[in-house]
Amino acid sequence: MENTGFLLPLVVLLNFVAAFSAESPNITTDQLALLALKAHVTHDPQNILATNWSTTTSVCNWIGVTCRSDHQRIVTLNLSDMGLMGTIPPHLGNLSFLIQLNIRNNNFQGSLPMELANLSSLQYINFGNNNFVGEIPSWFDSFTQLQRLSLYSNNFSGIIPPSLGSLSKLKELFLYDNDLKGQIPVTIGNLSKLKLLDLGQNQLSGKIPTSLFKCQELEDLILSNNALEGSVPQEIGNLTKVNNLFFSSNNLTGEIPSTVGNLTSIKHLDFWHNHLTGYGCLSFVNIEVGTLLYSIGFASFGLYNISSFHYSEKKL
């Protein structure tokens, strides 16, 4: 009688390999994810997706798509400036090798599906200038490789999630022009590589956290058009690399701290529309009264390179 004792485990092994191969993410997985996105687009004014995203051609040749060199997985999805309208399906979370996701300047709506948290390789996210709603998800801390996060000009509400402070590689954070409330999280001070931070045009309140000035790589810091209160922290002087500093249109009080004299790289400094004092300390030259844009020597503070300054002693 033929010995078939070894065949059963072999068959089981082959079935397991076949099943595993069928379920393992691959370029077909990515294609299905994009087809789901296409199905969730309700308006495509340029007919780009309707005509170009076809199963008759390789997904790696679709407009807005970049694949790895071996054409096995999608690494970039750029649908910016296409005028698309629709929602983001959860299937997009299957693009597990995605490094860049850019859908800025469209009309995407709704909230962000939790499945996007699976995109742990993302380094660049730009959802700017759409119509997304809801809170900024706390699960954004899943993007451990993220270097740039742009959520500006949407309808995000709620607070800035403290979990963003765990994105240790983040260099640029743009949350301006939303409906964000509450305080600036102290955890933002953990972002030691942060260079650009724009939280302007929201409804943020409370004091400016001193931890923010631990981000000593900052080059641009924009907090204007909020409801921030209290004094400008002395620790502002730690930002020796900052070029642009905008605190205008808040409820800040007290004196402008003398530590601004440490800001030797500053080019634009804006305290306009607050309740700050200390006008007598400032030395102005070449005042353009119409716009209140001042090109000054700022010698009183030791700032000789500054090109513009906005200041008012009383809120108008």
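These figures come from a predicted structure and were not determined experimentally.

1. Looking at the overall build of the protein chain
When helices and strands are tallied, the protein chain shows three helices and 23 strands. A burial count over the protein chain gives 45% of its 316 residues as buried. Pairs at least 24 apart in sequence give 51% of the contacts found in the protein chain among residues at least 6 apart. Total accessible area on the protein chain is roughly 14700 Å²; 52% of this is exposed by carbon and sulfur atoms.

2. Thoughts on the UniProt feature "domain: Leucine-rich repeat-containing N-terminal plant-type" (unreviewed entry) in the protein chain
When the UniProt feature table is mapped to this numbering, "domain: Leucine-rich repeat-containing N-terminal plant-type" (unreviewed entry) covers residues 29–67. Structurally, residues 29–67 is divided into 41% helix and 15% strand, and its ends, taken at the C-alpha atoms, are 13 Å apart.

3. Some points on the packing of aromatic side chains
As enumerated under the stated definition, the model contains eight aromatic pairs in all. When the ring of Trp139 is compared with that of Phe143, the centres are 6.3 Å apart and the planes differ by 85°; the resulting orientation is edge-to-face. Both residues of the pair, Trp139 and Phe143, belong to the buried class. Between the aromatic rings of Tyr152 and Tyr176, the centroid separation amounts to 5.0 Å while the plane-to-plane angle is 10°, which identifies the pairing as stacked. Separated by 24 residues along the polypeptide, Tyr152 in the loop between strand 9 (148–150) and strand 10 (155–158) and Tyr176 in the loop between strand 11 (172–174) and strand 12 (179–182) bring together distant segments of the chain.

4. Let's talk about the nonpolar core
Note on soluble globular proteins: their nonpolar side chains tend to be buried together. Leu34, Leu77, Leu221 and Phe247 are the most contacted members of the largest nonpolar core, which totals 76 residues. Secondary-structure elements contributing two or more residues to this core are helix 2 (27–39), helix 3 (48–52), strand 2 (65–67) and strand 3 (74–78). With three residues, helix 2 is the single largest residue contributor to this core. Once residues lying within four places of it in the same chain are set aside, the contact partners of Phe247 are Ile208, Phe213, Leu221, Leu223, Ser224, Val232, Ile236, Leu252, Asp270, Phe271 and Asn274.

5. A look at the environment of Ala117
In this fold, Ala117 is placed in the loop between strand 6 (107–110) and strand 7 (124–126). Given the relative accessible area of 17%, Ala117 is considered buried. The spacing of Ala117 and Ser96 is 21 residues in sequence and 9.7 Å in space, taken between C-alpha atoms.

The rules we used
Residues numbered from 1 in each chain as written. Predicted model: local features only at pLDDT ≥ 70, side-chain atom pairs only at ≥ 80, totals over all residues. Heavy atoms only, no water. Helix = DSSP H or I, 4+ residues; strand = E, 2+ residues; numbered from the N terminus. Buried < 20%, exposed > 50% of the residue type's maximum accessible area, 1.4 Å probe, protein only. Contact = heavy atoms within 4.5 Å. Areas by Shrake-Rupley, 256 points an atom, 1.4 Å probe, with all protein chains shown as cover. UniProt positions renumbered as here; feature names shortened; annotations may be inferred. Phe/Tyr/Trp six-rings, centres within 6.5 Å; stacked < 30°, edge-to-face > 60°. Core = buried A, V, L, I, M, F, W, Y, C linked by side-chain atoms within 4.5 Å.

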